[in-house]
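Read off the chains here:
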Amino acid sequence: MDWAFLAISTVKIIGLVFLTILPMVAYSVWAERRVSAAIQDRVGPNRVGWAGLLQPMADGLKFILKEDLTPGHVRKTYYWMAPALTMIPSLLTCAVLPFGSRLFGEKMVIADLDVGPLFVFAIASLSVYGIVLAGWASNSKYPFLGGVRSTSQMISYEISLGLSIVPLLMIFGTLNLGEIVQYQAQNGWTLLPLWGEGLSLKGMLLAIPMFISFVIFTTSIFAETNRLPFDLPECETELVAGYHTEYSSMKFALFFLGEYAAMIIGSGLAVTLFLGGWSLPFGWLAPESTTAEVPFWHGLVHIGVFFAKVIAFILFFIWIRWSLPRFRYDQLMRLGWVFFFEIAVINVLLTAGIMMLPLGK
Amino acid sequence: MAIVVKRPKLKWWEQLYLPAIFKGLGITLRHFFRTLSGEGKVTMQYPEEKWNDQLPEYYRGAPALVTDEQDRERCVACQLCEFICPPRAITIHPEEIPGDDKWAKVEKRPKTFEIDMIRCIYCGLCEEVCPEQAIFLRKDYAITGTSRAEMVHDKNRLYEIGGKRVGLVNKWNELK
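All figures in this text were calculated on a predicted structure; none of them were measured in a lab. (Residues numbered from 1 in each chain as written. Chains lettered and ligands numbered in written order. Predicted model: local features only at pLDDT ≥ 70, side-chain atom pairs only at ≥ 80, totals over all residues.)

(A) Highlighting the overall build of chain A. Summing up its helical and strand segments, chain A has 13 helices and two strands in all. The C-alpha radius of gyration of chain A comes to 21 Å, within 12% of the 21 Å expected for a compact globule of 361 residues. The C-alpha extent of chain A, read off along each of the three principal axes, is 65 × 50 × 45 Å. With 361 residues in all, chain A has 46% of them scored as buried. (Helix = DSSP H or I, 4+ residues; strand = E, 2+ residues; numbered from the N terminus. Rg over C-alpha atoms; globule rule 2.2 N^0.38 Å. Buried ≥ 20, exposed ≤ 12 C-beta atoms within 10 Å, placed from the backbone.)

(B) Representation of the packing of helix H6 (residues 141-164) of chain A against helix H9 (residues 201-224) of chain A in the model. Residue and element names in this part refer to chain A. The N-to-C vectors of H6 and H9 enclose an angle of 150 degrees; their axes lie 9 Å apart at closest approach. Put simply, H6 runs roughly antiparallel to H9. The interaxial crossing formed by H6 with H9 has left-handed handedness. Of the residues in H9, those touching H6 at Gln153, Met154, Tyr157, Ser160, Leu161 and Ser164 are Ser213, Ile216, Phe217, Ser220, Ala223 and Glu224. Among the residues forming the contact of H6 with H9, the class breakdown is six nonpolar, five polar and one charged. (Axes fitted to C-alpha atoms, helices over the stretch in contact; angles between N-to-C directions. Parallel < 35°, antiparallel > 145°, perpendicular 65-115°, else oblique. Left-handed = near helix turned anticlockwise from the far one by under 90°. Contact = placed C-beta atoms within 7 Å. Nonpolar A, V, L, I, M, F, W, Y, C, P; charged D, E, K, R; others polar.)

(C) Focus on the sheet that holds strand E5 (residues 152-153) of chain B. Residues and elements named next belong to chain B. Judged by pairing direction, the sheet is antiparallel, and its three strands sit side by side in the order E2-E3-E5 without closing on themselves. Across the chains shown, the open sheet's two edge strands, defined by having one partner strand only, are strand E2 (90-96) and E5. Where E2 meets strand E3 (residues 108-116), seven bridges bridge the pair, whose relative direction is antiparallel. The residue bridging His93 from the neighbouring strand is Thr112, located in E3. Contacts from helix H5 (residues 155-162) reach E3 and E5 within the one sheet, and its direction differs from that of E3 by about 85 degrees. (Pairing = 2+ DSSP bridges.)

(D) Just the interface of chain B and chain A, in detail. Contact with chain B, which involves 11 residues of that partner, is made by 10 residues of chain A. For the side of chain B that touches chain A, the per-class residue count stands at five nonpolar, six polar and no charged.

(E) Quick peek at the nonpolar core. Counting 88 residues, the largest nonpolar core has Ile21, Leu257, Ala261 and Ile264 of chain A as its most contacted members. When residues in this core are grouped by element, the largest group, 15 residues, is from helix H11 (residues 249-274) of chain A. For Ile264 of chain A, the contacting residues outside a window of four places in its chain are Ile21, Met24, Val25, Ser28, Val310 and Ile314 of chain A. Membership of the second largest hydrophobic core comes to 22 residues, among which are Val66, Ile90, Cys120 and Cys130 of chain B. (Core = buried A, V, L, I, M, F, W, Y, C linked by C-beta atoms within 7 Å.)

(F) Region of interest: the environment of Ala37 of chain A. Residue position: Ala37 of chain A is located in helix H1 (residues 3-39). C-alpha of Ala37 of chain A to C-alpha of Trp322 of chain A: the two residues are 285 residues apart in sequence and 9.4 Å apart in space.

(G) Just helix H4 (residues 116-124) of chain A, in detail. Residues and elements named next belong to chain A. Taken together, the buried positions of H4 are occupied by Gly116, Pro117, Val120 and Ala124. Looking straight down H4, one finds its buried side chains confined to an arc of 95 degrees; they lie on one side. Packed against the buried residues of H4 are helix H3 (76-92), helix H5 (127-137), helix H8 (177-187), H9 and H11. (Arc of directions from axis to C-beta.)

Quick look at the structure:
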């Protein structure tokens, strides 16, 4: 363990998590409110700062100043653990996201793991514990129902989430997210194989199972992050506020921010796997390999491209949320187990079949 | 008797939900851009923009007392408004007008006339019942205060809001 590595990692962690993701969380709440207002012909928060841009600060201040009430009927230990358990996994997962190519000769990823997607799924599924614990420890009926729903929902959708990216991994032949993005930079994004090797007939055919994968993956991400149309754990029309009914002040804010952080990481993962991560389309400014040197301004452009894509994906999340009604509980389960699970399995076989076709490289 | 609700038989593409989802997304996107371009703007930025000039003639705001062209208070303290007021917001203490007063022939006038604006429901019955056309509902709607006492309009405040009414003001004519 050398000190340079530690120092660089610390800088990356602070830069990505504390200076980028957390402000993005705050501002995606603002974006959510403004966009939903525009969709519903309203104005939204526009008072604090220019166009309401300081609203997240005001909200944060309000949350900190509010009374932190712990009801008398809760299990204190678990009650206090739950918000942290929702927030931390969401932030942990961004360790493997490649948010840029290289800057100052350093890879723009906190942990260059060779099991990227597996790590993300493993950690992300931990966040269900936060919700279950919150529901259970609150010792009251609506949080309990929310926690139970959340468990079954997350378990149902994790399977199709995992299966949906198997076809991708078969094509890329690697689990390292950095190499996956590098492959896409040279050979076409998964959903847009219009250059490099993707331009061949086989690449075009493979775009079909990739699109199916993308639909399943995106829907499962919605379910994993408890976003509408799958926000059954907290659906306010039936369960008051679901698992965080008994929470107040900053503990409630942690649940709230955890949800948005999960949304950002989910967007980041979708962008990395399907939309080419930090790469520009048509191989522009693409480095030759993961080890090649990248000019300084190329590195900056790549970081900018990654976050632009993530923000676009977050806006997509918001757009979906304010367009679609919530699913009924049995519909949700049917969709997860009867449709997505089967389609994902067939998709794996379909991809394998296309890859076996004697169409030449 | 039970009524059998006929559910529509969905075609296969309708059962996919996807066309409906895209249609819905299209609708929300259209509204989004309409609001962004300012075309679908309906919200009024309240403290900066007010709708005072758009209030209809029949708007019922804060009730107020009026004086006539000789600055005589029109109210004769008959207390009809006090009796008809559904939330009992009005309190009147009448007094006799002294004999040497210019308006001694009127006999009575309100010594105190208070309307509790926390209770008032702006129904307009006081205006309707008043035989002297002394109390009217004006267009003031932002009645605020920091204490309960501040929210009770006394006689001075009521005349201040009401002002002067010249000539015969029937509550039915346009002059109101």
